[in-house]
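# Breakdown of the fold
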There are 4 protein chains.
Amino acid sequence: MNTIEVGVLGGTGMVGQHFIRFLQGHPWFKLTWLGASDRSAGKKLKDATQWRLDGEMPKSAAEIVVSECKPQNAPKLVFSAMDASVATEIELAFAKAGHLVVSNSRNHRMEADVPLMVPEVNPGHLALVRAQQRLRGWSGMIVTNPNCSTVTLTLALAPLKQFGIQKVMAATMQAVSGAGYPGVASMDILANVVPYIGSEEEKMESETQKILGSLDGARIEPLPATVSAHCNRVAVVDGHMVTASVALSSKPTLAEVQAAMESFQSVPQQRNLPSAPPKPVIYMREADRPQPRRDANRENGMAVFVGRLRKCPVLDLKFVACGHNTIRGAAGAAVLNAELMASEGYLD
Amino acid sequence: MNTIEVGVLGGTGMVGQHFIRFLQGHPWFKLTWLGASDRSAGKKLKDATQWRLDGEMPKSAAEIVVSECKPQNAPKLVFSAMDASVATEIELAFAKAGHLVVSNSRNHRMEADVPLMVPEVNPGHLALVRAQQRLRGWSGMIVTNPNCSTVTLTLALAPLKQFGIQKVMAATMQAVSGAGYPGVASMDILANVVPYIGSEEEKMESETQKILGSLDGARIEPLPATVSAHCNRVAVVDGHMVTASVALSSKPTLAEVQAAMESFQSVPQQRNLPSAPPKPVIYMREADRPQPRRDANRENGMAVFVGRLRKCPVLDLKFVACGHNTIRGAAGAAVLNAELMASEGYLD
Amino acid sequence: MNTIEVGVLGGTGMVGQHFIRFLQGHPWFKLTWLGASDRSAGKKLKDATQWRLDGEMPKSAAEIVVSECKPQNAPKLVFSAMDASVATEIELAFAKAGHLVVSNSRNHRMEADVPLMVPEVNPGHLALVRAQQRLRGWSGMIVTNPNCSTVTLTLALAPLKQFGIQKVMAATMQAVSGAGYPGVASMDILANVVPYIGSEEEKMESETQKILGSLDGARIEPLPATVSAHCNRVAVVDGHMVTASVALSSKPTLAEVQAAMESFQSVPQQRNLPSAPPKPVIYMREADRPQPRRDANRENGMAVFVGRLRKCPVLDLKFVACGHNTIRGAAGAAVLNAELMASEGYLD
Amino acid sequence: MNTIEVGVLGGTGMVGQHFIRFLQGHPWFKLTWLGASDRSAGKKLKDATQWRLDGEMPKSAAEIVVSECKPQNAPKLVFSAMDASVATEIELAFAKAGHLVVSNSRNHRMEADVPLMVPEVNPGHLALVRAQQRLRGWSGMIVTNPNCSTVTLTLALAPLKQFGIQKVMAATMQAVSGAGYPGVASMDILANVVPYIGSEEEKMESETQKILGSLDGARIEPLPATVSAHCNRVAVVDGHMVTASVALSSKPTLAEVQAAMESFQSVPQQRNLPSAPPKPVIYMREADRPQPRRDANRENGMAVFVGRLRKCPVLDLKFVACGHNTIRGAAGAAVLNAELMASEGYLD
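Residues numbered from 1 in each chain as written. Chains lettered and ligands numbered in written order. Predicted model: local features only at pLDDT ≥ 70, side-chain atom pairs only at ≥ 80, totals over all residues.

## Quick notes on the nonpolar core
A321 of chain A, A321 of chain B, A321 of chain C together with A321 of chain D are the most contacted members of the largest nonpolar core, which has 486 residues in total. Dropping the residues within four chain positions of it, A321 of chain C is found in contact with T152, L153, A156, V242, A244, V304, F305 and V306 of chain C. (Core = buried A, V, L, I, M, F, W, Y, C linked by C-beta atoms within 7 Å. Buried ≥ 20, exposed ≤ 12 C-beta atoms within 10 Å, placed from the backbone. Contact = placed C-beta atoms within 7 Å.)

Following this line, the structure appears as structure tokens:
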């Protein structure tokens, strides 16, 4: 495959920096373009922003001259790391102009003709872009990935879909990196828990239903399961934890459920997509795992770790899951979406 | 009321120190006796152990000469702060010898004739000690308080009992102080979450059913509700958080539930027991409260703070609760039990 | 003494909230006025800002209608909790208009005719306001307290002044509350150290020399000692730590220095000022103390805790000190300044 | 070079696990032997201990059957990760039996004929083992690396040696991983600082003088500089910070010192030793760096990061340094020592 040039909208922000880091050394995609606000446009990245992640700004990205967020000179494939407050219009402009916008922003996720993708969970939903292009008269398209806590939950639930998911009760303990930079004030979170993340619970509930739903022509039929989320912020740097209780219609044994998790693979694994983890769901048998600081980074941050599968006195079974929120839940999620798109010829 | 002399079994440990601190300046009880292991017996407290709580060891306690854990010279009323590994036999010996053992240990909690008390929730269960004395032929007695996370949950549920509690799903985020000293290793919890606390979930499930149950002659009929707990340790010093979803048979409105919480008072308030908070359940209207670091210490650590009451898509409603685990969940819980006992004449 | 009405400039910010809390129940001062930006003026405090400190906004303050930061209706005594970016002009306007401005801002601290006070360390410097009034033609005045880390250092050094302080090397580990709200981003400080606080080292070096200096007519002769500071931010909520090495001309023994610390008292103690701690410097003999979380809050946050006094191979001796940065280092510092002023008749 | 089999004494402990991890994929050394207490001997590593580091126990090590700590079947080269309480006799027994003991324990560090090595700082000191073998009549030898905070300090000081180091004042902020497992109790360190680490200051002062000293026949002449250390524990997982002020006899400019740091290389770099970082000292120009969470892990944890070089009002100049305490300060330090030994033919 020839190298594909890619751009990042919102390239100077915290999520943009995650894209820059994740794309380093990518075998298919080469980052050549960064779009940001007028304030940054015309400057080299190294002069436009400060590096907030570990280590130092990658040298190749540091020299890229930041562009305005306008479609003209951008590569065909652009990742959107834009803040939700400005993403809507800019993403639309790029899609209209023929770009493939692979977005991490929440703005278009719940629109009827926009695929909300977790490639291992609902690869077939990508076909919705055909309807999107037809309905909107676009040559480009918008494809989205879900909220960071939704990715972890839906990947852990994917192997259970065969058993008939009826009810899902989730409580999250989410890392501060999910809120960007400066994000959560240290005065709010040191030695503390904040039991509220604005509109996170609503997103987790509705996005889960859409992702686990079925493509029905030009729309997604949401999974007819009830989903309830309690979202909390904790003093963790990276890695979201989700405790979940689930009711399943076919009443499988715990052993059957664990086996389904351990053997789970999907289209990204079958196609050997470069960012796909060999096993998207890794079941841990230790009594006290997974843990965000010890597990989220493993497998390049692209797997979801599950443990403590046991019976639930209220629903059928319960477990805990952990995923890397800024990799599997953001930059890596979008890049894997783009890899899936490339594997289906959308980038040709 | 004359001052009542009290002792603490396990007075050199972390929970013992919480009792020592909580009893400072108590209007009814005066700490005069401390029992500990043979290794400490015969030493002044200040020479037997290091103070692990904030500030310094209270001067009056520092000079108490620690005794062996034998009934002879101990006051009639003794609080047990003993480690579960040794509590069973020693508590039995004291009760047999005529002492009123008010215990924070888990060992006897689930025995059929032992009251498991949260004075605002089940004050009537105290009468079970009459059966206990009769059955065991004791002049003394054992009265227990629940696990620290159970106290928070049951106090928040108490105002809902009138609506018919059918199902409870709880997820906890628990402070490290709940594990004593040295307790949780910093390598395990800094910037991390540990999704497991040994046998905590089982305790929370069964203790909740017992506390919310009804006294039926010489036994407690557990509440016929299913309870499921997910217990997690987080990097918080003091204060346990519980997110809860509840199904209620009478389907009250959210406003009715909130009103029930806000107006909730019980026997300890009616009798003005010295450690009883004016309002045992404090409903907070801020979107992001309660929080352990900002709220657990308020009201001398004896109230439970509840917030974010809202509809639950899976059960009926959900909310978050926070309580001080070593005060309302341990030392303060036991002292309030003893105050209830005193108010009913058990100490006369 | 009659109750004295007081106001707080910058009453809606984080430092302002510390003033509001610290003034609750003050025996001399009654908070009746709050000044803030135009955006807040005209609103009740509870509608103008969110409470950021532990617990809830004090009810009496919540109902105060916030004024513009203009002198007309403000009480004679106003505390300034203003951000440095706007404090200069407003404080000048109030002083010109006859107000006693007791400021926590850094803006006027190093001006030649402005007292920079730590009441136990340099009570005599207050007389400098006479020169200030004469030179500036004011009926009012500006009196300042130092930077939060400087207070801790200078209180620990005050008992050593008699031995001839020649050199001071200090390294700080400072709490996040010192940076206000939102202040330090959690992404920067969780499980981390930031070895830089803007202009803090310069302030600590020059303010220490001024505070330990001598009043010479209309000016302060700085202490002719060299002072070097290394300032670091750590993941602590409240309480600044300072490790210090000191060279002393009279070469006292460690025992003499410890005795000087333990017996240290000054004007605020002699006059029984309401916020003065009985012992401003508390020497702790435990090997691992003081510690910010366990000690800073003791003595109402108004004492400085010192420990680990020992020989220094490079200078003469070394020790560690800890003080509450937002109480003794900010709100409490200013209130104690005002109490000293009241005790000398400046408020009559 | 043929692969060299190596063993780890104390292989089940926390430091042992760091050795196991660091040796994964080493181009010269292959881990084939683990020695531990009688309790573990005879079990596979995976059955003898729980993995405490991130991720999971490396599969190849998991299957190694743990041996008793006796010399017979161990490889010639053994790393010692033993606890100081038991290391002395066992290390002696191995050296006597002809083994090359490369030890991370403190027990033999300060003995006159034992090299205390930081390969970039004092590679010539290795020759001291010839005297050691002669004096003790051994065919084996003991070579040691310093305390974790000393490594960071001495690497940062090495480029300054040419300017004549006269005085060093250091204050540390040390990660909890330095204390092993369970190590520091979370109750002691969450949102706190502990200003004391047992005997750490003495080690840092004397080890620094030895490492920076000169080999004089069969002994090391310590550097005739005074060194003073203030050692503190902070809530950081990995990475020790050291703030340092230094007096230098030749009074170089700051630019000269920075240039010396930036160009510093030594024997391990010249010989391309596998674990040697290309630049052992990395100078960072950002105002607020280095930081432990963002920098310690870079360069495989083997470089020391320095920043904020500036004039010191008390000594000549000051700066801050950061190094990975369990890699560059422990396992990686010992492995680099062994690589230096191999490059000089000691393993032939």
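After that view of the structure, there is still more to cover.
## Describing the relation of the copies chain B and chain A
Superposing chain B onto chain A takes a rotation of 180° combined with a translation of 0.0 Å along the rotation axis, leaving an RMSD of 0.0 Å. Both chain copies can therefore be described as sitting about a two-fold axis. A share of 100% of interface residues in chain B that are also interface residues in chain A marks the association as one of identical surfaces. (Least-squares fit on C-alpha atoms with pLDDT ≥ 70 in both.)

## Regarding the interface of chain B and chain A
How big an interface is tends to be expressed through the accessible area that disappears when the partners come together. On the side of chain A, 35 residues touch chain B, which itself brings 34 residues to the contact. Sorting the residues of the side of chain B that touches chain A by element identifies β7 (165-174), β8 (193-194), β11 (226-234), β12 (240-248), α11 (292-295) and β15 (317-323) of chain B as the ones contributing at least two each. With six residues, β11 of chain B is the single largest residue contributor to the side of chain B that touches chain A. For the side of chain B that touches chain A, a count of residues per class yields 20 nonpolar, eight polar and six charged. (Helix = DSSP H or I, 4+ residues; strand = E, 2+ residues; numbered from the N terminus. Nonpolar A, V, L, I, M, F, W, Y, C, P; charged D, E, K, R; others polar.)

## Here's the deal with the sheet that holds strand β12 (residues 281-284) of chain A
All names here are of chain A. Sheet architecture is open: six strands sit in the order β10-β7-β11-β14-β13-β12, paired in mixed fashion. Because the sheet does not close on itself, it has two edges, and the strands there are β10 (226-233) and β12. Averaged over all pairs of adjacent strands, the angle between their axes in this sheet comes to 25°, without regard to strand direction. Where strand β7 (residues 165-174) and β10 come together, eight bridges link them in parallel fashion. Within β10, the residue paired with K167 across the bridge is T226. With respect to the sheet, helix α6 (residues 148-157) is in contact with β7, β10, β11 (240-248), β12, β13 (304-311) and β14 (317-323), its orientation differing from that of β11 by roughly 45°. Where helix α9 (residues 254-263) meets the sheet, its contacts fall on β12, β13 and β14, and the angle it forms with β13 comes to roughly 175°. (Pairing = 2+ DSSP bridges. Axes fitted to C-alpha atoms, helices over the stretch in contact; angles between N-to-C directions.)

## Some remarks on the pairing of strand β4 (residues 77-80) of chain A
Residues and elements named next belong to chain A. Burial along β4 is two-sided: L77 and F79 and V78 and S80, pointing in opposite directions, are all buried. Bridging between β4 and strand β5 (residues 100-103) involves four bridges; their strand directions are parallel. Within β5, the residue paired with S80 across the bridge is S103. Note on the crossover from β4 through helix α4 (residues 84-96) to β5: the handedness is right-handed. (Right-handed = clockwise from strand over helix to strand, strands pointing away.)

## A few points about the relation of the copies chain A and chain D
Its rotation angle being 180°, the transformation that places chain A on chain D also includes 0.0 Å of axial translation and leaves an RMSD of 0.0 Å. Looking at the interface residues of chain A, 100% of them are also at the interface in chain D, so both copies use one shared face.

## A look at the interface of chain A and chain D
Between chain A and chain D, the contact holds seven residues from the first and seven residues from the second. Classifying every residue of the side of chain A that touches chain D by side-chain character gives two nonpolar, two polar and three charged.

## Some points on the domain arrangement of chain A
Residue and element names in this part refer to chain A. When its domains are assigned, chain A resolves into domain 1 (4-147 + 331-343) and domain 2 (148-324). On a C-alpha basis, the centroid separation for the pair domain 1 and domain 2 is 24 Å. With 34 residues of domain 1 in contact, the opposing surface of domain 2 contributes 32 residues. Residue contributions to the side of domain 1 that touches domain 2 peak at seven residues, all from helix α12 (residues 327-343). Considered class by class, the residues forming the side of domain 1 that touches domain 2 number 19 nonpolar, nine polar and six charged. (Domains from an automatic or database assignment.)

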